[in-house]
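Here is how the chains run, residue by residue.
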Amino acid sequence: MSDKELFEKLSYSRKNVYESISDAEKEEMISLCDEYREFLDEGKTERECVEKAIKMAKMHGFSDIDEKTDLKAGDKVYKINRNKNIFLAVIGSEDIKNGINLVGAHIDSPRLDLKQNPLYESNDMALLKTHYYGGIKKYQWTAMPLSIHGVIFTKDGEKVTLSIGENDSDPVFCITDLLPHLAKDQMAKKMTEGIEGESLNILIGGMPIKTEDVKEKVKFAVLKLLYDRYGITERDFLSAEIEVVPAFKARNVGLDESFIGAYGQDDRVCAFTTLKGIFAVNNPKKTAAAILVDKEEIGSMGNTGMLSAFFEMTVAEMIEKLTGTCSVTTYNTVIANSACLSSDVGAAVDPNYESVSEKRNAAFAGYGMVLMKYTGARGKSDSSDASAEFVYEIGKILDDDGVIWQTSELGKVDQGGGGTIAQYVANLNMDVIDCGVPVLSMHSPFEVTAKSDVYMAYRSYVAFYNNR
Ligand code: MN
Ligand code: MN
């Protein structure tokens, strides 16, 4: 053996996905990503993602668990929580006490929510007040087309679902920004203060009604349009949930179309690949399960976040419908023998900002599925640090299936940090590891992923479901 060969045998280096995939795999990758872009365009809110997931699940033979009194091996079921979570399972042939294989992703993304009393008039323009959701760089949300999505109840209790700004024939909305000519003071501010939260107001109208009886004539005109088109009044906003998101569609990026640029890829890239993963599973040994959760971007709290009892209640329901009963001991055994891939995005090394990454332990776009043994901040705070045993087990499953993967932490140790749902699943006494797709421009209105990584994420989930 030459020294070169010996060095290669003894050392580790990651490789670009394109170095080792076949033409057939490349084709599969491209068609998967075509479908992924459609998923992104149809699911711009957690509610829309759940709706889309139900549609896809039904097409793949899944049915609502609420309609079933008992379950058997091979059954495919889903359960919905408050229109914002979906749990899916393909029942395995082994005793459920051997545990389930779970993949969890989140379907909420950073955005602007309308405040409860949003509409006002200023300088003959009508505007909507917003409150941002999740970690955004506020300056990125001005001067671009925005769409409005959500639900609003009329006084009579009729639920109106809004989606304005997605069709080419729809109008869009926007937040205006200051012209550079007059931005001397603004440009001297810190980036965190250049655009203030209370300046993120959406332009919604400017055509006053001719009347002497009403002072706010533009607001009056907007209210009239809202009433005529949707039957809603200003009071109805008090109970509404309305989200403002970028109005543009997902696009291929680059001359070679190797990337996807779109809003909301954190974490819909993992939600989509998780769905495609579980749809590819038939008659597994262990029960395969997937959960898409809400509220991750604001801490996973609440009855639709990962900290909700929804997951535990659904597993208990599944055990009961399979075996006729679910004791605490049985439930605990199932959970202790289960494993979870917390599927969430990682930070890809950005050629424009290399200095925030420690490149030996960073993720690179195009280098495959990224496993993150731990996330968190500073001294691994708020991290669930997966065990060596479990990281080995998952790594081996991926290797045996020819999946290209890499490991990473979020960035340099002292540079910042972040969390995922992993810690909350781990607290249930389950083995969990974070894994997913490296992203550029994370949390921006136009996040970028490499198609090869999207494909490898999908391949990872299929391998996990079939081989653990
Ligand atoms: Mn995420
Ligand atoms: Mn995020």
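This text follows the structure it describes.
An account of the accompanying structure is given in this report. From a predicted model like this one, the values you see are computed outputs, not experimental measurements.

With respect to the layout of surface pockets
In this structure, the largest pocket occupies an estimated 1400 Å³ of space. Around the largest pocket sit 43 residues that line it, and Ala347, Val356, Leu410, Gly417 and Met442 are the ones nearest its centre. Taken together, the elements giving at least two residues each to the lining of the largest pocket come down to β15 (346-347), β17 (376-377), β19 (417-418) and β21 (438-440). Here the lining of the largest pocket is composed, by residue class, of 16 nonpolar, 17 polar and 10 charged.

Considerations on the coordination of the manganese ion (ligand 1)
Listed as protein donors to the manganese ion (ligand 1) are His106 (NE2), Asp266 (OD), Asp344 (OD) and Asp344 (OD); their distances from the metal cover 2.1 to 2.6 Å. Counting along the primary sequence, the residues that act as donors to the manganese ion (ligand 1) give the motif H-x159-D-x77-D. Between the manganese ion (ligand 1) and the manganese ion (ligand 2) the interatomic distance amounts to 3.3 Å, and Asp266 serves as a bridging ligand to the pair. Note that His106 is positioned in strand β4 (residues 100-106) and Asp344 in the loop between β14 (339-343) and β15, a separation of 238 residues in sequence. A relative accessible area of 5% means that Asp344 is categorised as buried.

Structural notes on the environment of Met430
Take Met430: it is sitting in the loop between α11 (422-426) and β20 (431-436). Residues Met430 and Ala336 lie 94 residues apart in sequence; the distance between their C-alpha atoms is 5.3 Å. Discounting chain neighbours no more than four positions away, the residues touching Met430 are Leu102, Phe311, Ile335, Ser338, Ala339, Cys340 and Val425.

Some remarks on empty space enclosed by the protein
The tally for this structure, following the rule as stated, stands at 1 cavity of 30 Å³ or more. Looking at the largest cavity, the residues that line it are Met372, Lys373, Tyr374, Thr375, Asp382, Ser383, Ser384, Asp385, Thr420, Ala422, Gln423 and Asp434. Of the residues that constitute the lining of the largest cavity, the class distribution is 3 nonpolar, 5 polar and 4 charged.

Observations regarding the packing of aromatic side chains
Applying the stated criterion across every chain, the model contains 8 aromatic pairs. Each ring, one from Phe248 and one from Phe446, has its centre 5.7 Å from the other, and the planes form 80°; the classification is edge-to-face. On the criterion of sequence distance, the pair formed by Phe248 in the loop between β10 (241-246) and β11 (251-253) and Phe446 in the loop between β21 and β22 (447-450) is long-range, its members being 198 residues apart. A residue is classified by how much of its surface remains accessible, and Phe446, at 32% relative accessible area, is partly exposed. Members of the aromatic cluster, joined through ring pairs, are Tyr36, Phe39 and Phe272.

Focus on helix α6 (residues 217-230)
In an α-helix, one turn spans 3.6 residues, which is why side chains three or four residues apart end up on the same side. Over its 14 residues, α6 extends 20 Å from the first C-alpha to the last, a length consistent with the 20 Å expected when each residue adds 1.5 Å. Where α6 is concerned, the buried positions are Val218, Lys219, Ala221, Val222 and Leu226. Burial along α6 is one-sided: seen end-on, the buried residues are contained in an arc of 160°. Buried residues along α6 sit against β5 (111-122), β6 (125-133) and β9 (202-205). At the exit of α6 stands Gly231, carrying a positive phi of roughly 75°.

Details of the coordination of the manganese ion (ligand 2)
Coordination of the manganese ion (ligand 2) by the protein is provided by Asp266 (OD), Glu297 (OE), Glu297 (OE) and His443 (NE2), with metal-donor distances spanning 2.1 to 2.6 Å. Counting the intervening residues between successive donors of the manganese ion (ligand 2) yields the motif D-x30-E-x145-H.

Some remarks on helix α8 (residues 310-323)
For α8, with 14 residues, the first-to-last C-alpha span of 20 Å sits near the 20 Å given by 1.5 Å per residue. Directly after α8, the chain includes Gly324, whose backbone phi takes a positive value near 90°.

Concerning the nonpolar core
The biggest cluster of nonpolar side chains holds 63 residues, and the ones touching the most others in it are Leu88, Ile278, Ile394, Tyr461 and Tyr465. At 10 residues, helix α12 (residues 451-467) tops the list of elements feeding residues into this core. Ile278 has contacts with Phe62, Leu88, Ala89, Val90, Ala288, Ala289, Ala290 and Tyr465, leaving out every residue within four places of it along the chain. In this structure, Leu114, Ile152, Ala240 and Val244 belong to the second largest nonpolar core, which totals 29 residues.

Digging into the pattern of salt bridges
Summed over all chains, the structure comprises 31 salt bridges. The partner of Arg47 in a salt bridge is Glu241, with the nearest N and O atoms 2.6 Å apart. Remark: Glu241 occurs in strand β10 and Arg47 occurs in helix α3 (residues 46-59); sequence separation between them is 194 residues. With relative accessibility at 32%, the residue Glu241 sits in the partly exposed group. Between Lys373 and Asp385 there is a salt bridge, and its shortest N-O distance comes to 2.9 Å.

Regarding the packing of helix α2 (residues 23-42) against helix α7 (residues 265-279)
Running from N to C, α2 and α7 cross one another at 125°; their axes reach a closest spacing of 10 Å. With respect to their mutual orientation, α2 and α7 come out oblique. Judged by the sense of rotation from one axis to the other, the crossing of α2 with α7 is right-handed. Taking contact as the criterion, the partners of Leu32, Glu35, Tyr36, Phe39 and Leu40 in α2 are, on α7, Gln265, Arg268, Val269, Phe272, Leu275 and Lys276. When its residues are assigned to classes, the contact of α2 with α7 shows 7 nonpolar, 1 polar and 3 charged.

Considering the packing of α2 against α3
Interhelical geometry of α2 versus α3 gives an angle of 135° and a closest axis separation of 9 Å. With respect to α3, the axis of α2 lies oblique. Where α2 abuts α3, its residues Glu35, Phe39 and Glu42 lie against Glu48, Cys49, Lys52, Lys55 and Met56.

Re the sheet that holds β22
The strand order across the open sheet formed by 5 strands is β11-β12-β22-β21-β15, and the pairing between neighbours is mixed. Looking along the sheet, the strands with just one partner apiece sit at the ends: β11 and β15. Pairing of strand β12 (residues 259-262) with β22 involves 4 bridges; the strand directions are antiparallel. When the bridges of β22 are listed, Ile260 appears paired with Thr449. α7 rests against β12 and β22 of the sheet, and its axis sits at about 35° to β22. Seen against the sheet, α12 touches β11, β12, β21 and β22 and runs at an angle of roughly 70° to β22.

Conventions and cut-offs
- Residues numbered from 1 in each chain as written.
- Chains lettered and ligands numbered in written order.
- Predicted model: local features only at pLDDT ≥ 70, side-chain atom pairs only at ≥ 80, totals over all residues.
- Heavy atoms only, no water.
- 1 Å grid on protein atoms, 1.4 Å probe; cavity = no way out; pocket = protein on both sides within 12 Å on 5 of 7 lines; lining within 4 Å.
- Points joined across faces, edges and corners; volume = space filled by probe spheres on them.
- Helix = DSSP H or I, 4+ residues; strand = E, 2+ residues; numbered from the N terminus.
- Nonpolar A, V, L, I, M, F, W, Y, C, P; charged D, E, K, R; others polar.
- Donors = N, O, S within 2.8 Å, 3.2 Å for Na, K, Ca; no water.
- Buried < 20%, exposed > 50% of the residue type's maximum accessible area, 1.4 Å probe, protein only.
- Contact = heavy atoms within 4.5 Å.
- Phe/Tyr/Trp six-rings, centres within 6.5 Å; stacked < 30°, edge-to-face > 60°.
- Expected span 1.5 Å × (residues − 1).
- Arc of directions from axis to C-beta.
- Core = buried A, V, L, I, M, F, W, Y, C linked by side-chain atoms within 4.5 Å.
- Salt bridge = Lys/Arg side-chain N within 4 Å of Asp/Glu carboxyl O.
- Axes fitted to C-alpha atoms, helices over the stretch in contact; angles between N-to-C directions.
- Parallel < 35°, antiparallel > 145°, perpendicular 65-115°, else oblique.
- Left-handed = near helix turned anticlockwise from the far one by under 90°.
- Pairing = 2+ DSSP bridges.

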